[in-house]
Amino acid sequence: MKFETVSENRSFGGIQGVYRHQSEATGTTMTFAVYLPPAAEHGKVPVLWYLSGLTCTHENAMTKAGAQEWAAEYGIALIFPDTSPRGEGVADDEAYDLGQGAGFYVDATQKPWAPHFRMWHYVTHELPELVFSNFPLDREAQGITGHSMGGHGALTIAMTMPERYRSVSAFAPIANPSDSDWGRKQFTAYLGDDHAAWESHDASVLMRERGYPGEVLIDQGASDQFLDLLKPASLAQAMIERRQPGEFRMQKGYDHSYFFVQTFVADHIRWHAERLG
Ligand SMILES: N[C@@H](CCC(=O)N[C@@H](CS)C(=O)NCC(=O)O)C(=O)O
């Protein structure tokens, strides 16, 4: 699989790269970022996938989360995919929470989204094939995290493929999209009226039905301006019903922004590093 280098910068002794490739999954050019820690100079390193939220590209977390310092310290690589296909021939919507920048980590089945909006396949199949064949990454040591819409992606992907994603955490995830305006509108657009498909992309439903075989770490700002849309209580309730091991932390005074993410990112990277060994 071919890709081109957009930029590479030294960061905390490692390399923060941005790359571009022609994606078969989305039929578009996709940009992604990879942070390789210094340890990657000596052999394959564990990988933490970081999925971003609404309106984001590969760049938001890469420049705002402050994750590289901790990834360097714990010897773990970071991968930042984009959040949707983009471009002139790609369907879009005027709203910030539908279309480009809002792929919701599903494979759309409905018009006009189906031809390009295949972010589940992109993030779980195509991009892994590309990065594992081209970077010194340990395929057997993958964890996944994300923020908001990306937290939804991380949780649903990890609970669907726990044998592959050996650790999972989330920052302020969209926790119960089939019962939220951050979910119903997008699932109707991308997946139609097939509520079984909705449920297979709903972290609270998946938590109730299958849970995750390891421990789960969730951080949620207690002053998050989007609490009504994120619905953390649904996920916390589902974790209790499932007897899911893990930590669900309400962080006093924190909002939804990257100031919240950058405050707790070290805890999350340590969490993954400890489990990916
Ligand atoms: N209406 C807000 C909502 C979007 C929002 O808060 N997005 C979060 C994820 S759900 C984000 O990470 N924004 C980009 C950033 O803070 O860099 C906006 O357009 O900024």
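For the protein, the name recorded in an unreviewed UniProt entry is S-formylglutathione hydrolase, with Paracoccus broussonetiae as its organism.

Caption draft 1: Region of interest: empty space enclosed by the protein. Scanning all chains against the criterion turns up one cavity of 30 Å³ or more. Of the volumes computed, that of the largest cavity is approximately 40 Å³. Contributing to the lining of the largest cavity are Leu-48, Tyr-50, Ala-67, Leu-78, Phe-80, Thr-145, Phe-171, Val-265, His-268 and Ile-269. When residues of the lining of the largest cavity are traced back to their parent elements, those giving at least two are strand S4 (45-51), strand S5 (77-81) and helix H10 (258-276). When the residues that make up the lining of the largest cavity are grouped by side-chain class, the tally is eight nonpolar, two polar and no charged.

Caption draft 2: Geometry of the layout of surface pockets. Reported here for the largest pocket is a volume of approximately 230 Å³. Lining the largest pocket we find 15 residues, and of these Leu-54, Thr-55, Cys-56, His-147 and His-256 sit closest to its centre. Elements supplying a minimum of two residues to the lining of the largest pocket: helix H1 (59-64) and H10. In the lining of the largest pocket, the residues fall into seven nonpolar, seven polar and one charged.

Caption draft 3: Main features of the pairing of strand S6 (residues 137-146). Buried residues dominate S6, accounting for seven of its ten residues. Here S4 runs beside S6; their pairing, made up of six bridges, is parallel. Paired with Trp-49 across the bridge in S6 is Ile-144. Sheet topology note: the S6/strand S7 (residues 165-171) ladder contains three bridges and is parallel. Across the sheet, residue Gln-142 finds its bridge partner in S7, namely Tyr-165. At this point the chain moves from S6, through helix H4 (residues 149-160), to the parallel S7, and the crossover so formed is right-handed.

Caption draft 4: Layout of the sheet that holds strand S2 (residues 14-22). Taken in spatial order, the nine strands make up an open sheet running S1-S2-S3-S5-S4-S6-S7-S8-S9, and their pairing is mixed. Two strands in the sheet have a free side with no partner beyond their single neighbour: strand S1 (4-11) and strand S9 (246-251). Strand-to-strand twist across the sheet, computed as the mean angle between neighbouring axes with direction ignored, equals 20°. Taken strand by strand, H10 contacts S4, S5, S6, S7, strand S8 (216-221) and S9, and its axis lies near 165° from that of S7.

Caption draft 5: Structural detail: the site of the ligand. Every residue lining the ligand is accounted for by Gly-53, Leu-54, Thr-55, Cys-56, Asn-60, Lys-64, Tyr-96, His-147, Ser-148, Phe-226, His-256 and Tyr-258. A distance of 3.0 Å separates a nitrogen atom of the ligand from a polar backbone atom of Leu-54. One of the side-chain nitrogen or oxygen atoms of Asn-60 is found 2.7 Å away from an oxygen atom of the ligand. Against a free-state accessible area of 480 Å², the protein chains account for coverage of 72% of the ligand. With respect to the detected pockets, the ligand is housed in the largest pocket. Residue classes in the shell around the ligand are distributed as five nonpolar, six polar and one charged.

Caption draft 6: Representation of the nonpolar core in the model. Membership of the largest hydrophobic core comes to 88 residues, with the highest contact counts inside it found for Phe-32, Trp-49, Val-131, Leu-137, Ile-144, Leu-155 and Tyr-190. Ranked by residue count, the leading element in this core is helix H3 (residues 119-134), at eight residues. Those residues in contact with Tyr-190, other than ones at most four positions away along the chain, are Leu-98, Gly-99, Ala-102, Gly-103, Phe-104, Val-106, Ala-108, Thr-109, Gln-110, Trp-113 and Phe-117.

Caption draft 7: Representation of the confidence of the model for the protein in the model. Here the protein shows a mean pLDDT of 98. Residues at 70 or above account for 100%. If you check the scores for this complex, the pTM reads 0.98 and the ipTM reads 0.92.

Caption draft 8: Quick look at H4. Between the first and last C-alpha of H4 there are 16 Å, a value that for twelve residues agrees with the 16 Å anticipated at 1.5 Å per step. Most of H4 is tucked away, with eleven of its twelve residues classed as buried. Looking only at H4, the buried set comprises Met-149, Gly-150, Gly-151, His-152, Gly-153, Ala-154, Leu-155, Thr-156, Ile-157, Ala-158 and Met-159.

Caption draft 9: Layout of the environment of Tyr-258. Inspection of the secondary structure puts Tyr-258 in helix H10. For the pair formed by Tyr-258 and Arg-208, sequence separation is 50 residues and the distance between their alpha carbons is 29 Å.

Caption draft 10: Highlighting the pattern of salt bridges. Enumeration according to the criterion identifies 13 salt bridges in this entry. A salt bridge links Glu-215 to Arg-275; the nearest nitrogen and oxygen atoms lie 2.7 Å apart. Of this pair, Glu-215 sits in the loop between helix H7 (203-209) and S8 while Arg-275 sits in helix H10, placing them 60 residues apart in sequence. Here Asp-219 ties to Arg-249 by a salt bridge, and the two come within 2.7 Å at their closest N and O atoms. With Asp-219 in strand S8 and Arg-249 in strand S9, the pair connects residues that are 30 residues apart, well separated along the chain. It is possible to trace a salt-bridge network through shared partners that takes in Asp-219, Arg-249, Asp-267 and Arg-270.

So, how was this worked out
Residues numbered from 1 in each chain as written. Predicted model: local features only at pLDDT ≥ 70, side-chain atom pairs only at ≥ 80, totals over all residues. Heavy atoms only, no water. 1 Å grid on protein atoms, 1.4 Å probe; cavity = no way out; pocket = protein on both sides within 12 Å on 5 of 7 lines; lining within 4 Å. Points joined across faces, edges and corners; volume = space filled by probe spheres on them. Helix = DSSP H or I, 4+ residues; strand = E, 2+ residues; numbered from the N terminus. Nonpolar A, V, L, I, M, F, W, Y, C, P; charged D, E, K, R; others polar. Buried < 20%, exposed > 50% of the residue type's maximum accessible area, 1.4 Å probe, protein only. Pairing = 2+ DSSP bridges. Right-handed = clockwise from strand over helix to strand, strands pointing away. Axes fitted to C-alpha atoms, helices over the stretch in contact; angles between N-to-C directions. Contact = heavy atoms within 4.5 Å. Near = heavy atom within 4 Å. Polar contact = N/O pair within 3.5 Å; in protein donor to acceptor, adjacent residues only side chain to side chain. Areas by Shrake-Rupley, 256 points an atom, 1.4 Å probe, with all protein chains shown as cover. Sits in = over half its atoms within 2 Å of the grid points. Core = buried A, V, L, I, M, F, W, Y, C linked by side-chain atoms within 4.5 Å. pLDDT = per-residue confidence, 0-100. Expected span 1.5 Å × (residues − 1). Salt bridge = Lys/Arg side-chain N within 4 Å of Asp/Glu carboxyl O.

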